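Chains, contacts and geometry: an overview
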Amino acid sequence: MIPLLPIGTAVVGASIGWRAARSWARARARRDLARARADMRREVTHWQEAAARATAEAARVAREAEAFKDGCRHGREDVISIMPLLVAAQQNPAEEARASGDQT
């Protein structure tokens, strides 16, 4: 007859080993999952910051474009307002010195 004590000890040892291995595997999976979540959180934060920077840059470019457009409009209005003076100066070249502010 086979003694029961070594078989029982082997069964208990195998059960303890299996539970220990399972506990170790679960702990490792939890660590890996926590690391993956932290990496994903960092990546999401990175892309959110990049989106905020891009939005700010787009707003800045829009403001610059508006200022440029206003500047062009103002410059065009200046040219239009002095056109009669330029035409008159070309028609009367002798008075050109007086028109530019020089005294003769």
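One structure accompanies this document, and this report is about it. On a predicted model such as this, the values are computed, not experimentally measured, just so you know. Residue positions are given per chain, counting from 1 as you read along its sequence in written order. Since the coordinates come from a predicted model, pLDDT governs what is reported: local features require at least 70, and pairs of side-chain atoms require 80 or more to be given and counted, while whole-chain, interface and lining totals use all residues. Remark: hydrogens and water are excluded; side-chain values derive from all non-hydrogen atoms of the structure.

1. What about the pattern of salt bridges?
- Any Lys or Arg side-chain nitrogen found within 4 Å of a carboxyl oxygen on Asp or Glu counts as a salt bridge. In this structure the tally under the stated criterion is six salt bridges.
- Put simply, Arg35 and Asp32 hold a salt bridge, and the shortest N to O gap is 3.3 Å. A residue pair is termed a helical-turn pair when its members lie 3 or 4 positions apart in one helix, as Arg35 and Asp32 do in helix H1 (residues 4–91) at three residues.
- The salt bridge involving Glu64 is made with Arg60; its shortest N-O contact spans 2.3 Å. Remark: Arg60 and Glu64 occur in helix H1; sequence separation between them is four residues, near one turn of the helix.
- Whether a residue is buried, partly exposed or exposed follows from its accessible area with a 1.4 Å probe, protein chains only, as a fraction of its type maximum: under 20%, in between, or over 50%, in that order. Relative accessible area serves as the criterion here: at 46%, Glu64 is assigned to the partly exposed category.
- The network of salt bridges with common partners includes Glu57, Arg60 and Glu64. Working definition: helices are DSSP H or I runs of at least four residues, strands are E runs of at least two. Numbering for both runs from the N terminus.

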